[in-house]
Amino acid sequence: SHILIAVGARGKGRTDAEAKTKADLLLEQIKAGADFAELAKVNSDDPGSAARGGDLGWFGRRVMAKPFEDAAFAMQPGSLGGEPVKSNFGYHIIKVQEKRTVEEKALRQILVVGFVFGSADVFRASPYRQRDLHRLPTADQVHTDVVVRD
């Protein structure tokens, strides 16, 4: 989960210093016991997650902005970031609910389904064949640790 305090046009003209100050104040409120999800609904500038209380769902590496991703994957499940994290979007207050690792075999099966039914162009519109499995990335190549929502 996260709360984004955006800067510039996304942040209603908020300057970097104003965004940082607001993020710091929200983080203090959360540490003092305020409800993270409620603060996210009211304050987050992320249109995709604000209505869900900051819930981002499961995600893997190379999906989020790098500073956000690095911070989230360095945190332990159940923890709240000690400082807002700056990205090209603004400042994020991050709360990691849970992490999981997908086994390589399961990952390959998931990717095959995704490639066959979701992105046929990956196989150049050719029908799926068992010998194409070697072309799929391994779990190590995709970094399968993921973070989950509230």
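As the structure is a computational prediction, the values presented were derived from the model and not from experiment. (Residues numbered from 1 in each chain as written. Predicted model: local features only at pLDDT ≥ 70, side-chain atom pairs only at ≥ 80, totals over all residues. Heavy atoms only, no water.)

Visitor: What exactly am I supposed to notice about the sheet that holds strand β1 (residues 2-6) here?
Guide: The pairing of strands in a sheet comes from backbone hydrogen bonds and takes either a parallel or an antiparallel form. Pairing in this open sheet of three strands is antiparallel, and the strands run β1-β3-β2 from one edge to the other. With one partner strand each, in any of the chains shown, β1 and β2 (85-87) form the two edges of the open sheet. Within the sheet, the average angular offset between the axes of one strand and its neighbour, ignoring direction, is 30°. Two strands pair when backbone bridges link them, and β1 and strand β3 (residues 90-94) are joined in this way by five bridges, in the antiparallel orientation. Of the residues in β3, the one forming a bridge with Ile3 is Ile93. Lying on the sheet, helix α2 (residues 36-43) is in contact with β1 and β3; it crosses β1 at an angle near 30°. In the packing of helix α3 (residues 66-74) onto the sheet, contacts are made with β1, β2 and β3, and the angle to β2 comes to roughly 150°. (Pairing = 2+ DSSP bridges. Helix = DSSP H or I, 4+ residues; strand = E, 2+ residues; numbered from the N terminus. Axes fitted to C-alpha atoms, helices over the stretch in contact; angles between N-to-C directions. Contact = heavy atoms within 4.5 Å.)

Visitor: Explain the pattern of salt bridges here, please?
Guide: A side chain with one charge may pair with a side chain of the opposite charge, provided their charged atoms come close. Scanning the model with the defined rule gives seven salt bridges in all. Close ionic contact of Lys20 with Glu83 constitutes a salt bridge, the shortest N to O distance being 3.8 Å. With a gap of 63 residues between them, Lys20 in helix α1 (residues 16-31) and Glu83 in the loop between α3 and β2 connect regions that are remote in the sequence. By relative accessible area, Lys20 is classed as partly exposed at 26%. Using a relative accessible area of 53% as the deciding quantity, one classes Glu83 as exposed. A salt bridge links Lys41 to Glu38; the shortest N-O distance between them is 3.5 Å. Here Lys41 pairs with Glu38, and both are found in helix α2, just three residues apart, close to one helical turn. Through salt bridges with shared partners, a single network forms among Lys12, Arg14 and Asp45. (Salt bridge = Lys/Arg side-chain N within 4 Å of Asp/Glu carboxyl O. Buried < 20%, exposed > 50% of the residue type's maximum accessible area, 1.4 Å probe, protein only.)

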